[in-house]
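Descriptive analysis of the structure
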Amino acid sequence: MASFLERLTGKKTSSADQAKERLSLVLIHDRTDLSPENLQSLKDRLIEVISDYVKIDTRQTEIEIKTDGREQTLIANIPLIRPRSRG
Amino acid sequence: MSGKVVTITSGKGGVGKTTTTANLGVALASLGDKVVCIDSDIGLRNLDVVLGLENRIVYDLVDAVEGRCRVSQAMIRDKRIETLYLIPAAQTRDKNAVSPSDMIKLCNTLREEMDWILIDSPAGIERGFRNAIAPADEVLVVTNPEISAVRDADRIIGLVEAEERGPAKLVINRLKSSMVKRGDMLSAEDVVELLAIPLIGIVPEDENVIVSTNQGQPVALEAKSLAGRSFNNIAKRLKGEDVPWLDLNEKDGIFNRLGRIISGGG
Ligand SMILES: Nc1ncnc2c1ncn2[C@@H]1O[C@H](COP(=O)(O)OP(=O)(O)O)[C@@H](O)[C@H]1O
Ligand SMILES: [Mg+2]
């Protein structure tokens, strides 16, 4: 299976790089007690709720967990679409 | 005197806690400090054989805690290094024979006589682990540069934090620099980046560890092997010295060794 890094760079990654990439993801889920499925459903519902209030550009939306040292932060970058001026 | 309690623990078993405890005990005592190593792995006694003291056990940790002997009677004195002692684990009892507060009381007694109290913790996250970290002033987490050991180390580091004994310091054991070079083993930098705690030592994979364990003579007794020197460096770092990192290239050919001797490195 091609890893994320491989798909990104088109290069074959070493097994150590694969281990590091897999570990960094699994540690996020271990530390936050949030499974990949639950994270996905969190993202979907977040977008749903926000869309109730403003128009958002779902293609540019980024919601992810960032790691800084041993701390995890949920970062959401959600571009808003300017409403068409009503005539 | 007020000795320091250092607990050596890990998430995964078999990563080198007992080896690390024995060698740090030897290394610190060789520097002239008074050291007692406590085997807190009740029911799975091991530190005695790694230290080569298995034939001299009379009393154990549980005897001392339950008052069947004085604490000093449970301390086996090493014959090679006068300032090194061992309190062995009980072999025929279970972990619940000792409580965290028993360990705190015992260590407070030992602090008066010793510079260092090193506790070899059982693996895992249960009672034995809690016993081992309850009295700790400092916690060392041992891991191997391998995916499941690192993952389990992360769990333990979190628990040490939760018990307010953190931040733990990291010992990376059994690193094979040739595999790291090939890209087939996580490097020390990778592991430190993932676990995000301070590093106190890197110990290479070294056959001398197994040979010396066979003989009950911890590698740190002699400064010849790379692993022995690594453990001696960790001991100095525990004492607050700023020790440069060893070159762990295990292809330790005659030229490398000569180079090191000439440049006085290591
Ligand atoms: N740096 C090393 N190089 C080679 N073998 C090692 C090294 N460290 C530990 N070992 C071996 O690994 C095994 C497990 O070590 P041990 O200290 O008993 O682990 P733990 O106490 O964490 O269960 C032992 O056989 C030991 O000799
Ligand atoms: Mg052990």
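Residues numbered from 1 in each chain as written. Chains lettered and ligands numbered in written order. Predicted model: local features only at pLDDT ≥ 70, side-chain atom pairs only at ≥ 80, totals over all residues. Heavy atoms only, no water.

**Thoughts on the site of ligand 1**
All names here are of chain B. This is how it is decided: Nearness here has a simple test: a residue counts as near a molecule or strand if at least one of its heavy atoms is within 4 Å of that partner. The term polar contact refers here to a pair of N or O atoms within 3.5 Å; inside protein, the definition further demands a hydrogen-donor-capable atom paired with an acceptor-capable atom, and it admits residues adjacent in sequence only when both atoms are side-chain atoms. We get accessible surface area from the Shrake-Rupley algorithm with a probe of 1.4 Å; when it comes to residues, only the shown protein chains can shield them. Under the DSSP-based scheme used, a helix requires at least four consecutive residues in state H or I and a strand at least two consecutive residues in state E, with every element numbered from the N terminus. Charged means Asp, Glu, Lys or Arg here, nonpolar means Ala, Val, Leu, Ile, Met, Phe, Trp, Tyr, Cys or Pro, and polar covers whatever is left, Gly included.
For ligand 1, the set of nearby residues contains 15 residues, the closest of which are Lys17, Thr18, Thr19, Asn173 and Arg174. The separation between a nitrogen atom of ligand 1 and a polar main-chain atom of Asp206 is 3.0 Å. Burial of ligand 1 by the surrounding chains reaches 80%, relative to a free accessible area of 570 Å². Those elements giving two or more residues to the shell around ligand 1 turn out to be α1 (17-30), β7 (169-175), β8 (199-204) and α9 (207-215). Each residue belonging to the shell around ligand 1 can be placed in one class, and the counts come to five nonpolar, six polar and four charged.

**What about the pattern of salt bridges?**
Under the convention used in this document: By definition here, a salt bridge exists when the distance from a side-chain nitrogen of Lys or Arg to a carboxyl oxygen of Asp or Glu is within 4 Å. Accessibility here uses a 1.4 Å probe with only protein chains present; expressed as a share of the type maximum, an area under 20% marks a residue as buried, one over 50% as exposed, and anything in between as partly exposed.
According to the stated counting rule, one finds 20 salt bridges over all chains in the structure shown. Across the pair Arg130(B) and Glu163(B) runs a salt bridge, and its minimum N-O distance is 2.6 Å. Here Arg130(B) is found in helix α5 (residues 127-133), whereas its partner Glu163(B) is found in the loop between α6 (147-162) and β7, with 33 residues between them in sequence. Judged by relative accessible area, which is 31%, Arg130(B) ranks as partly exposed. Here Arg174(B) makes a salt bridge to Glu205(B), at a shortest N to O gap of 2.8 Å. Here the residue Arg174(B) occupies a position in strand β7, and Glu205(B) occupies one in the loop between β8 and α9, the gap between them amounting to 31 residues. For Glu205(B), a relative accessible area of 24% gives the class partly exposed. Members of the salt-bridge network, linked through shared partners, are Arg31(A), Arg70(A), Asp154(B) and Glu161(B).

**Description of the packing of aromatic side chains**
To keep it simple, the criterion reads: The criterion for an aromatic pair is that two Phe, Tyr or Trp rings (for Trp, the six-membered ring) have centres within 6.5 Å, with stacked assigned to planes under 30 degrees apart, edge-to-face to planes over 60 apart and tilted to the rest. Two limits define a charge over a ring: the Lys NZ or Arg CZ must be within 6 Å of the ring centre, and within 35 degrees of the ring normal.
All told, the structure shown has zero aromatic pairs over all chains when counted by the stated rule. The aromatic ring of Trp245(B) is capped on one face by Arg237(B), whose charged end is 3.9 Å from the ring centroid.

**As for the interface of chain B and chain A**
Our working rule: Residue contacts are counted whenever heavy atoms from the two residues lie within 4.5 Å of one another. Buried area adds together the accessible area that both of two parts lose upon being put together, with accessible area traced by a 1.4 Å probe.
Taken residue by residue, the interface counts 17 residues in chain B and 14 residues in chain A. When the two sides are added together, the surface that chain B and chain A hide from each other amounts to roughly 1,400 Å², 59% of it contributed by carbon and sulfur. Its largest share of buried area at the contact with chain A, chain B owes to Ile147(B), Arg151(B) and Leu194(B), together 40% of the area lost on that side. Between Asp154(B) and Arg31(A) there is a salt bridge; the shortest N-O distance is 2.6 Å. Contributing elements (two or more residues each) for the side of chain B that touches chain A: α6 and α8 (188-195) of chain B. If one sorts the elements of the side of chain B that touches chain A by residue count, α6(B) sits on top with seven residues. Here the residues of the side of chain B that touches chain A sort into nine nonpolar, two polar and six charged.

**Focus on the environment of Asp39(B)**
All names here are of chain B. Note that Asp39 resides in strand β2 (residues 35-39). On the basis of relative accessibility, which here comes to 1%, the residue Asp39 falls in the buried class. With 132 residues separating them along the chain, Asp39 and Val171 place their C-alpha atoms 19 Å apart. Once residues within four sequence positions are removed from consideration, Asp39 is found in contact with Arg45, Asn46, Leu47, Leu61, Ile87, Pro88, Ala89 and Asp120. Side-chain polar atoms of Asp39 contact the backbone nitrogen of Asn46, separated by 3.0 Å.

**Some points on the confidence of the model for chain B**
Residue and element names in this part refer to chain B. The following threshold applies: The pLDDT value expresses, per residue, how confident the predictor is, ranging between 0 and 100.
Summary statistics for chain B give a mean pLDDT of 93 and a share of 93% for residues scoring 70 or more. Confidence drops under pLDDT 50 across residues 252-259; counting only partners more than four residues distant or on other chains, this segment forms three contacts. This stretch, residues 261-266, has a pLDDT under 50; its non-local contacts, to residues over four places away or in other chains, come to four contacts. For this predicted complex, the interface score ipTM comes out at 0.84, alongside a pTM of 0.90.

**Some words on the nonpolar core**
All names here are of chain B. Using the following cut-off: Here, nonpolar core refers to any group of buried Ala, Val, Leu, Ile, Met, Phe, Trp, Tyr and Cys residues whose side-chain atoms link them within 4.5 Å.
Core analysis: the biggest nonpolar cluster contains 35 residues, and Val35, Leu51, Leu84, Leu118, Leu140 and Leu238 have the highest contact counts within it. Broken down by element, the residue count for this core peaks at six residues, all from α1. Leaving out residues up to four positions away in the same chain, Leu51 has contacts with Ala22, Val26, Asp78, Arg80, Leu84, Leu86, Gly216 and Pro218. Residues Val139, Ala153, Leu194 and Leu226 belong to the second largest nonpolar core, which totals 28 residues.

**Considering the packing of helix α2 (residues 15-32) of chain A against α8(B)**
Keep this limit in mind: Geometry is summarised by axes, namely lines fitted to C-alpha atoms with helices restricted to the contacting stretch, and by angles between N-to-C directions that run from 0 to 180 degrees. Reported orientations rely on four angle classes, namely roughly parallel under 35 degrees, roughly antiparallel over 145, roughly perpendicular from 65 to 115, and oblique for the rest. What makes a crossing left-handed is the near helix being turned counterclockwise from the far one by less than a right angle; a clockwise turn instead makes it right-handed.
Contact geometry of α2(A) with α8(B) gives a least axis separation of 10 Å together with a crossing angle of 20 degrees. In terms of their interaxial angle, α2(A) and α8(B) are classed as roughly parallel. Viewed along their axes, α2(A) and α8(B) form a crossing whose handedness is right-handed. Together, Lys20(A), Leu23(A), Ser24(A), Leu27(A) and Arg31(A) of α2(A) and Asp190(B), Glu193(B), Leu194(B) and Leu195(B) of α8(B) make up the contact between the two elements.

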